[in-house]
Each structure stands twice: as C-alpha cells, then as structure tokens.
Amino acid sequence: MPRRLSRRQPKGEQLHQILVQYVEGLEPGTPLPSERVLADRFRVARMTVRTEIDRLVRAGLVTRRHGQGTFVAEPKLVQSDVLVSFSQDMRTRGLTPGSRLLSVGVEPALEAESKLLALPADAPVVRIVRVRTADGTPFAVERASLPSERFPGLEDADFDGGASLYELLERRYDARPHTAEQRVSAVLPDPEEAPLLGVPASQPCFRIEGVTRDEAGEILAFGQSLYRGDRYDVVMHLVRDESGADAQGSVTRARK
C-alpha cells in the first residue's frame, strides 16, 4: 500500500481503491490493519477509514468479527445458468450441502400461492421451510410450496441434512424440474431471518422467487429463497438482438 494519498483526488475514493486492491491480493481470513493504523498511515480521520471499510463490508469483500477485527471474506460463488438444485450445485463445487428443517406441513394455499401454482382457491399445498448450508455455513433461507395432490406424502419426507427437493421429486414422483422463471430483488433480511443466516439485520441479501416447471410445462413448485448478499452475486448475461435492442438473457446467482 502507498504511504500517503494524493491531494488531487478525494481522500475517501483514493482510500477505497487502495483497500480494494489490497484486499483482492490477500487470502480469505487474512486480518486487515486496524482503523487506527490505517488512519495514521494515510493521515486521514478514522471516520473516513470506517466509512470505506463499511463499503467493503457491504460489497462482501471483508467481514467484521465482533471483538476480533476485520478480515478478508471468502471468495464469491458464481452459479451457472443451468437449473440445478442447491445440493447439486454445492456438491459440484466440492462443498457439502446441508439443511436445517424449520417447518413442513400441508395447509390451504394462500391467494398468491393459488395463482402462482395455478390451483383452485384454498387447494392444499405442501410448505417446506429450510435453512440451506454449505460446509456448515448458512447460505439461504429456502421456502417452497408444492401442490399436495400431485405430491402426496411429500410432507413426510426427510428434509434434514443435504436432501435435494429436486432429486426427491424426480425419484419419488417422476417429476423432473426443467425450467424456472425467477425474480431477484435486493432486500434486507427480516428480524427473524438475519440470525438464521448468521448476518446482521443491515446485511443486504438477495430474495429470489419464482416458479419451476417440468418438461411438459406443468408447474411443480413456487419457491422463495433469501440468499446472503455477502456470499452470492447476481450475474446477468445480455445479448444484443438484430434490431439493435439489448435483450436480457439469463440471470444467475452466486457467491461463496
């Protein structure tokens, strides 16, 4: 890192660029110098240092550990745009998928669920809520709603551990997920969700919700998942069509 900042550019922006380059050259888990050390080195106020480190935290480049300091974050995962289950995706990356079942049961569909699943009002649906983990670290709170009539007895399946819902549907019901239409939103976790993910309530997250269909185009499930923003990214692939307009292609999620 340089010893001092230029007087020709805003100090905050210079410090931000220096810290980003510095962090990108370090191994995950490496501690950063303290705010006092950085402030003394660059001759800036500690508040300036804190503001720029806050930016790095929000970007998922570093993490704060209470009473220990600031450390380089784990690298981000980039998920392919092929439709795979969370479990399959983690195993492909050499990570061990896991889950903690929060609730499962059969209940009448809410109005929104009836519309999304193309079911009659109050039709029974199986609702599954789990915390999904990789190598023991929570990555997402996953909620799934499926038509109970099509998947009888699904609520009795074992959803603890690394069980994949997609694999279960294919194995037990011969229902193979084929396509998914998803909406991605940047949100803050609800007060009850933040501790489940092990993040502060101020940590931005991605809420990914959508409908999964089989090869015949029939709706299998409606899912809504909250992914940690410090471990996943959203990547968009854009294609320019012949008319000259920019057409959006696939949207994928990522980050370790």
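For the structure itself, consult the block above.
Residues numbered from 1 in each chain as written. Predicted model: local features only at pLDDT ≥ 70, side-chain atom pairs only at ≥ 80, totals over all residues. Heavy atoms only, no water.

Colleague: Whenever I open this one, the packing of helix α2 (residues 35–42) against helix α3 (residues 46–58) confuses me. Can you help?
Modeller: Two numbers describe a pair of packed helices, the interaxial angle and the distance between the axes. Two elements in contact, α2 and α3, have axes whose closest approach is 8 Å; the angle formed by their N-to-C orientations is 115 degrees. With respect to the hand of their crossing, α2 and α3 are arranged in right-handed fashion. The residues of α3 that touch α2, namely those facing Glu35, Arg36, Leu38 and Ala39, are Arg46, Val49, Arg50 and Ile53. Residues of the contact of α2 with α3, tallied by class, amount to four nonpolar, no polar and four charged. (Axes fitted to C-alpha atoms, helices over the stretch in contact; angles between N-to-C directions. Helix = DSSP H or I, 4+ residues; strand = E, 2+ residues; numbered from the N terminus. Left-handed = near helix turned anticlockwise from the far one by under 90°. Contact = heavy atoms within 4.5 Å. Nonpolar A, V, L, I, M, F, W, Y, C, P; charged D, E, K, R; others polar.)

Colleague: Would you mind going over unusual backbone geometry with me for this structure?
Modeller: Excluding glycine, residues mostly have negative phi values, and the peptide bonds linking residues are mostly trans. Unlike most non-glycine residues, arginine 43 shows phi in positive territory, near 55 degrees. Along the chain, arginine 43 falls in the loop between α2 and α3. Judged by relative accessible area, arginine 43 falls into the exposed class, the value being 61%. The backbone of aspartate 135 sits at a positive phi, close to 55 degrees, despite the residue not being glycine. Within the secondary structure layout, aspartate 135 lies in the loop between β4 (124–134) and β5 (137–147). Judged by relative accessible area, which is 47%, aspartate 135 ranks as partly exposed. (Buried < 20%, exposed > 50% of the residue type's maximum accessible area, 1.4 Å probe, protein only.)

Colleague: Honestly, the packing of aromatic side chains in this entry has me stumped. Any pointers?
Modeller: Centre distance and the angle of the planes are the two values used to describe a pair of aromatic rings. The full count for this structure, using the stated rule, is two aromatic pairs. For the ring pair phenylalanine 86 and phenylalanine 139, a centre distance of 6.4 Å and an interplane angle of 75 degrees mean the geometry is edge-to-face. Of this pair, phenylalanine 86 sits in helix α4 (residues 86–92) while phenylalanine 139 sits in strand β5, placing them 53 residues apart in sequence. Considered together, phenylalanine 86 and phenylalanine 139 belong to a single accessibility category, that of buried residues. Measuring from ring centre to ring centre gives 5.1 Å for phenylalanine 151 and tyrosine 173, while their planes differ by 80 degrees; the resulting arrangement is edge-to-face. Residue phenylalanine 151 is located in the loop between β5 and α6 (165–173), and its partner tyrosine 173 is located in helix α6; the two are separated by 22 residues in the primary sequence. You'll find phenylalanine 151 and tyrosine 173 in the same group, each marked buried. For arginine 65, the ring lying beneath its charged end belongs to phenylalanine 71, and the centroid distance is 4.0 Å. (Phe/Tyr/Trp six-rings, centres within 6.5 Å; stacked < 30°, edge-to-face > 60°. Lys NZ or Arg CZ within 6 Å of the ring centre and 35° of its normal.)

Colleague: Whenever I open this one, the layout of surface pockets confuses me. Can you help?
Modeller: Leftover empty space is mapped by rolling, across the atoms, a probe with the size of a water molecule. There is about 450 Å³ of room inside the second largest pocket. Along the wall of the second largest pocket there are 21 residues; nearest its centre are Val57, Thr63, Arg64, Gln203 and Asp230. Mapped by element, the contributors of at least two residues to the lining of the second largest pocket are α3 and β1 (62–65). It is β1 that contributes the most residues to the lining of the second largest pocket, four residues altogether. Here the residues of the lining of the second largest pocket sort into seven nonpolar, six polar and eight charged. (1 Å grid on protein atoms, 1.4 Å probe; cavity = no way out; pocket = protein on both sides within 12 Å on 5 of 7 lines; lining within 4 Å. Points joined across faces, edges and corners; volume = space filled by probe spheres on them.)

Colleague: Looking at this model, I keep getting lost on α2. Mind explaining?
Modeller: One turn of the α-helix equals 3.6 residues, which is why residues spaced by three or four share an orientation. Considered for burial, the residues of α2 that qualify are Glu35, Leu38, Ala39 and Phe42. Looking down the long axis of α2, one finds its buried residues gathered within 100 degrees of arc, a one-sided arrangement. Those residues of α2 hidden inside the fold are in contact with α1 (11–24), α3 and β1. In the stretch just after α2, arginine 43 is the one whose phi turns positive, near 55 degrees. (Arc of directions from axis to C-beta.)

Colleague: Help me out: how do you make sense of α6 in this one?
Modeller: Every buried residue belonging to α6 is among Leu165, Leu168, Leu169 and Tyr173, and all of these are buried. The buried residues of α6 occupy an angular sector of 100 degrees when the element is viewed end-on, so they sit on one face. Where the residues of α6 are buried, they touch β4 and β5. At the N-terminal boundary of α6, the capping side chain belongs to serine 164, with an oxygen 3.4 Å from the backbone nitrogen of tyrosine 166. Directly beyond the C-terminal end of α6, a positive phi value near 55 degrees is found at aspartate 174. (Polar contact = N/O pair within 3.5 Å; in protein donor to acceptor, adjacent residues only side chain to side chain.)

Colleague: Looking at this model, I keep getting lost on the pairing of β4. Mind explaining?
Modeller: Remark: a regular strand shows side chains that alternate across the two faces of the sheet. Most of β4 is tucked away: 10 of the 11 residues are buried. Alignment of strand β3 (residues 97–108) against β4, held across 11 bridges, turns out to be antiparallel. From the neighbouring strand, valine 106 faces β4, where its bridge partner is valine 126. Judged from the 10 bridges that link them, β4 and β5 form a sheet pairing that is antiparallel. The residue bridging alanine 134 from the neighbouring strand is threonine 137, located in β5. Remark: two residues form the turn of the hairpin made by β4 and β5, two consecutive strands paired antiparallel; aspartate 135 in that turn has positive phi of roughly 55 degrees. (Pairing = 2+ DSSP bridges.)

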